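Residue-level listing of the chains:
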Amino acid sequence: MSQAKPTILKIGGSVITDKSKEMEVRMDAISRLADEIFEANPKNLIIIHGGGSFGHPLARKYALKEGFKDASQIVGFAETHHVMTVLNGLFMDALIWRGIPAVSIPPSSCALTKNGRIACFEETPLKRLLEMGFTPVLYGDTVLDTELGFTILSGDQLTSFLALRFNAERILIGVDVDGLYDADPKTNVKAKMFEHLSLEELKKTHGLLGGSNGCDVTGGMANKIAELIPAVERGIPVLIVNASKPKYLYKALKGEKVKGTLIEKE
Ligand code: ATP
Ligand code: IP8
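Calculation rules
Residues numbered from 1 in each chain as written. Chains lettered and ligands numbered in written order. Predicted model: local features only at pLDDT ≥ 70, side-chain atom pairs only at ≥ 80, totals over all residues. Heavy atoms only, no water. Helix = DSSP H or I, 4+ residues; strand = E, 2+ residues; numbered from the N terminus. Rg over C-alpha atoms; globule rule 2.2 N^0.38 Å. Buried < 20%, exposed > 50% of the residue type's maximum accessible area, 1.4 Å probe, protein only. Contact = heavy atoms within 4.5 Å. Areas by Shrake-Rupley, 256 points an atom, 1.4 Å probe, with all protein chains shown as cover. Lys, Arg positive; Asp, Glu negative; His and termini not counted. Charge placed at Lys NZ, Arg CZ, Asp CG, Glu CD. Pairing = 2+ DSSP bridges. Axes fitted to C-alpha atoms, helices over the stretch in contact; angles between N-to-C directions. Near = heavy atom within 4 Å. Polar contact = N/O pair within 3.5 Å; in protein donor to acceptor, adjacent residues only side chain to side chain. 1 Å grid on protein atoms, 1.4 Å probe; cavity = no way out; pocket = protein on both sides within 12 Å on 5 of 7 lines; lining within 4 Å. Sits in = over half its atoms within 2 Å of the grid points. Nonpolar A, V, L, I, M, F, W, Y, C, P; charged D, E, K, R; others polar. Core = buried A, V, L, I, M, F, W, Y, C linked by side-chain atoms within 4.5 Å.

### Digging into the overall build of the protein
The number of helices and strands found in the protein is ten helices and twelve strands. A compact globule built from 266 residues would reach a C-alpha radius of gyration of about 18 Å, and the protein, at 17 Å, matches this within 12%. For the protein, the spread of C-alpha atoms along the principal axes amounts to about 50 × 45 × 35 Å. Expressed as a percentage of its 266 residues, the buried residues of the protein come to 54%. The long-range fraction of contacts in the protein, counting pairs at least 24 apart against all pairs at least 6 apart in sequence, stands at 76%. Put simply, the protein shows about 11900 Å² of open surface, and 54% of that area lies on carbon and sulfur atoms. Distance between charge centroids for the protein: 3 Å, based on 32 positive and 32 negative side chains.

### Comments concerning the sheet that holds strand β10 (residues 196-198)
Taken in spatial order, the eight strands line up as β3-β6-β2-β1-β9-β11-β12-β10 in an open sheet, and their pairing is mixed. Since the sheet does not close on itself, it has two edges, and those belong to β3 (102-104) and β10, each with one partner. Taking the axes of each pair of neighbouring strands and ignoring which way they run, one obtains an average angle of 20° across the sheet. Pairing of strand β9 (residues 170-175) with strand β11 (residues 238-242), which is carried by five bridges, proceeds in the parallel orientation. Opposite Val175, over in β11, you have Asn242 as the bridge partner. This element, helix α6 (residues 124-131), spans β2 (45-49), β3 and β6 (135-139) of the sheet and lies at about 145° to β6.

### Describing the site of ligand 1
By nearness alone, 27 residues border ligand 1, and Gly13, Ser14, Asp176, Ser212 and Lys224 come closest of all. One of the side-chain nitrogen or oxygen atoms of Lys186 is found 2.9 Å away from an oxygen atom of ligand 1. In isolation ligand 1 offers 640 Å² of accessible surface; the protein chains occlude 99% of this area. When atom positions are compared with the pocket grids, ligand 1 is found to occupy the largest pocket. The element contributing the most residues to the shell around ligand 1 is helix α9 (residues 220-233), with three residues. Here the shell around ligand 1 is built from residues that sort into seven nonpolar, 13 polar and seven charged.

### Topic: the nonpolar core
Of all hydrophobic cores here, the largest spans 43 residues; its most connected members are Phe121, Leu138, Leu162, Ile171 and Ile225. Counting only elements with at least two residues in this core, the list comes to β2, β5 (117-121), α6, α7 (155-165), β9, α8 (199-204), α9 and β11. The biggest single contributor to this core is α9, with six residues. Among the nonpolar cores identified, the runner-up in size contains 40 residues, and Leu9, Leu45, Ala59 and Leu249 belong to it.

Encoded structure:
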């Protein structure tokens, strides 16, 4: 059974949904990404996807990230978790239909946070699935929290956490822009993309990074980078690529040259 270091792939909600409209899935993107993952045929892959226009609008409506304050939020927690399982189901369908042995792991059932940070994660099933050649798939989700009652666990926090826990080979981040810029490229036409950043250079980008252009309760690009820092500190390289463009993710998975931002410790 496989013991090799995994690749952790985070597919942004900005790629698989339209974040400007509630509950708007991009089935064409999901199908194309499933094709690319199938063709690249990576071994030891853990996939995590974001909430996009499924999880975020409901999480905002019920103020779930801030924790339990009112009984009216309870049904909101259930609804938000449910829509994430719907989005996950659409993604799983596309993977499994192509013969990818993908198995969904709902974070709400295996993770517990303390003040929003993962405090407990039942890793045994995920580890065994990986060893047996399955492709575990997780997603940003509603989770129970020891201090707040509940909260939102972002796919970005999960990405970095699993990379550290499973000593990942690399992290691939698929978003709807070409990489990391010195300003949000969607609102600043003069924004310049970084092709390579060392850890020190990455830390200096703090303050240049924006949030998300759609509805987002987990902090957009700025939070994504903050979450990734501990993994980069451990020496795990991170490649941010545009997964909305055909073949970019395929090339990244194959280790071929592709436009994007590579972040390395040195
Ligand atoms: P989700 O949280 O739903 O998974 P995601 O991870 O795909 O979504 P966002 O959190 O929306 O993506 O972050 C991506 C967005 O960040 C881009 O669409 C871009 O507009 C915005 N952004 C802000 N600042 C920057 C920056 N400096 N460089 C690149 N993108 C940036
Ligand atoms: O999109 C948040 O995960 P993210 C998921 O990875 C929910 O930040 C439920 C809003």
